[in-house]
Amino acid sequence: MPILGGTLARYFGMRFLSSVLLVFFGIFALVALLDYIELMRRASDIPNVSPILVAKTSLFRVPQVTERIMPFCVLIGAMSCYLNLSRRLELVVARSAGMSAWQFVSPALVVAFLFGAIATTIYNPVSAILQERSKRFESELFGQNPEAMTSVGGAFWLSQRSPEGQAIFNAASSRNQGVSLSGVTIFTFDTEGHFKNRIEARAAELKAESWELQDAHVFALGARPASYPQYQLKTNLTPEQVRESFATPETVPFWELPSYIKIAENAGLQASGYRLQFQKLLARPFMMAAMVFLAAAVSLRFFRFGGVQKMVLSGVAAGFLLYVLSKVTEDLSKAELLHPVAAAWVPVLVGGLTGFIALLYQEDG
């Protein structure tokens, strides 16, 4: 029996892993195809556009999109795995051999936990790096067409105050967590709040105590427009302050999040977004295991008993409700109404306990 149990455990674990990977790579390919088509549509007005550059730009930003749907890949993969095993009567054979439901769910729990750990420690840093590279490629594509860049998802705004007055920045896109900007428009005001000039530049990069603008055009009141290949605009902003305004926590690799939290706290800035992202990544392996419990609770019913379709729909509904709960707790945390630890771990506990109790009731109730 120990040999039989170990063999069946490896078999169930491999079946579960293959189902999850099949779902994940299927969604990955679909997202990559749709994103490539959309990017080609936006770049169709650019002369001599490189299809290879468009493909690289699209491919490099797909990992971060698919990273958000990994728990649902585990849920759908686990449901597909157990439904196939039940349809082919393999679960019946396993039960007749003396295995309980907990014994053939345990391999999937272990695989899901390891899958989540790899997603946190390896996949997340890689996706963050590729996201930054995709922004660089995108700036190469649309660097001469600021309107096309603005359609990516809205502009970024930043304000600075110095002894010379106030400056309001608008950028079509950002790289390196806001240190490098593209498609920049700057409105400057004097110390009394009176408008001074408007500056438009192809790119801007934060240097020591100044912004270095490339291909800048200055429009001042009562003067003719002036163009400069390079233009210096003084600033008292630090890279940490700029990153807090421009960088989204999702673009920071997992291993760098603790340092970002420490830097933001030392600068007197709010670090709740970084803390929430860090806790969400720590909770990801447990979220994957919780999805296995939910899937097992709705997928182990024998086909001859009927009602499989309703059970599957209930599993999908449970996954959707869990997603809604995670978004609600995330918004509460960003509004500083809920601690980041609670916001990240409450959905995991709710999903895991719901699936565990439902499975316990079915098998031992």
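Note: the structure precedes this text.
Novice: For this particular structure, what's the right way to read the overall build of the chain?
Specialist: When you go through the chain residue by residue, the secondary structure sums to 11 helices and six strands. Here the chain, with 365 residues, has 45% of them falling under the buried criterion. Of all intrachain contacts in the chain linking residues separated by at least 6 positions in sequence, the fraction that spans at least 24 positions is 63%.

Novice: Could you clarify how one ought to interpret the packing of aromatic side chains in this entry?
Specialist: The relative placement of two aromatic rings is captured by the distance of their centres and the angle of their planes. Evaluation of the coordinates by the stated rule reveals 14 aromatic pairs. For the pair Phe 254 and Phe 278, a centre-to-centre distance of 5.5 Å together with 15 degrees between the ring planes defines the contact as stacked. Of this pair, Phe 254 sits in the loop between helix H7 (239-246) and helix H8 (257-266) while Phe 278 sits in helix H9 (residues 272-299), placing them 24 residues apart in sequence. Judged by relative accessible area, Phe 254 falls into the buried class, the value being 7%. Aromatic rings pair up to connect Phe 24, Phe 25, Phe 28 and Tyr 123 into one cluster. Here the guanidinium or amino end of Arg 198 rests over the ring plane of Phe 219, the centre of that ring lying 4.5 Å away.

Novice: Mind showing me how you'd approach helix H2 (residues 51-67) here?
Specialist: Each α-helix winds once per 3.6 residues, and so residues spaced three or four apart point in a common direction. Taking 1.5 Å of rise per residue, 17 residues should cover 24 Å, and H2 covers 25 Å from first to last C-alpha, within 8% of that figure. All of the buried residues along H2 are Leu 53, Val 54, Thr 57, Ser 58, Phe 60, Arg 61, Val 62, Pro 63, Gln 64, Thr 66 and Glu 67.

Novice: Hey, could you run me through the pairing of strand S1 (residues 156-162) in this one?
Specialist: Along any regular strand, the residues point their side chains to alternate faces of the sheet. As judged from the seven bridges shared by S1 and strand S2 (residues 165-175), these two strands associate in the antiparallel manner. Across the sheet, Arg 161 pairs through a bridge with Gln 166, a residue of S2. As consecutive antiparallel partners, S1 and S2 are separated by two residues.

Novice: I would appreciate a short explanation of the nonpolar core in the present structure.
Specialist: Side chains that are nonpolar tend, in soluble globular proteins, to be buried together. Membership of the largest hydrophobic core comes to 48 residues, with the highest contact counts inside it found for Phe 16, Val 74, Phe 104, Val 105 and Leu 300. Within the residue set of this core, elements represented by two or more residues are helix H1 (2-42), helix H3 (70-87), helix H4 (90-96), helix H5 (101-142), H9, helix H10 (308-334) and helix H11 (340-364). Element by element, the count of residues in this core is highest for H9, at 12 residues. Once residues within four sequence positions are removed from consideration, Val 105 is found in contact with Tyr 82, Val 292, Ala 296, Leu 300 and Leu 359. One finds Leu 158, Ala 167, Val 184 and Val 218 within the second-largest nonpolar core, a separate group that totals 19 residues.

Novice: Just checking my understanding: could you explain the sheet that holds strand S3 (residues 180-189) for this structure?
Specialist: Strand pairing within a sheet occurs via backbone hydrogen bonds; the two strands may be parallel or antiparallel. Strand order in the open sheet formed by six strands is S1-S2-S3-S4-S5-S6, and the pairing between neighbours is antiparallel. On the outer flanks of this sheet lie S1 and strand S6 (226-234), each paired with one strand and no other. Taken over all neighbouring pairs, the strand axes of this sheet differ in orientation by 30 degrees on average, direction set aside. In this sheet, strand S4 (residues 195-207) lies alongside S3 in antiparallel orientation, the contact comprising nine bridges. Bridged to Ser 182 within S4 is Ala 203.

Novice: Before we go on, may I ask you to explain the environment of Trp 211 in this structure?
Specialist: Checked against the element boundaries, Trp 211 lands in strand S5 (residues 210-220). Separated by 31 residues in the primary sequence, Trp 211 and Ser 180 have C-alpha atoms spaced 9.5 Å apart. Only 3.3 Å separates the side chain of Trp 211 from the side chain of Gln 160, close enough to count as a polar contact.

What counts, and at which threshold
Numbering of residues starts from 1 in every chain and runs along the sequence as written. Predicted model: local features are reported for residues with pLDDT of at least 70 only, side-chain atom pairs are reported and counted for 80 or more only, and whole-chain, interface and lining totals are derived from all residues. Here the side-chain values reflect all heavy atoms present in the structure, with hydrogen atoms and water set aside. Each helix is a run of DSSP H or I of at least 4 residues and each strand a run of E of at least 2, with the numbering of both proceeding from the N terminus. Only protein chains enter the area calculation, which uses a 1.4 Å probe; residues under 20% of their type maximum are buried, those over 50% are exposed, and those in between are partly exposed. What makes two residues a contact is simply this: any of their non-hydrogen atoms within 4.5 Å. We call Phe, Tyr and Trp rings a pair once their centres come within 6.5 Å, taking the six-membered ring for Trp, and we label the pair stacked below 30 degrees between planes, edge-to-face above 60, and tilted otherwise. Definition used: whenever NZ (Lys) or CZ (Arg) falls within 6 Å of the ring centre and also within 35 degrees of the ring normal, the charge is taken to sit over that ring. Helix span, as expected, comes to 1.5 Å for every residue beyond the first. By definition, two strands form a pair when at least two bridges between them are found by DSSP. Within this scheme, the nonpolar core is defined by two criteria: the residues are buried Ala, Val, Leu, Ile, Met, Phe, Trp, Tyr or Cys, and they are joined through side-chain atoms within 4.5 Å. For helices, the axis comes from a line fit to the C-alpha atoms of the stretch in contact; other axes are also lines fit to C-alpha atoms, and the angle between any two N-to-C directions lies between 0 and 180 degrees. Polar contacts, as used here, are pairs of N or O atoms within 3.5 Å; protein pairs need one atom able to donate a hydrogen and one able to accept it. Residues neighboring in sequence count only if both atoms are side-chain atoms.

The values reported here are purely geometric and, on their own, carry no functional implication.
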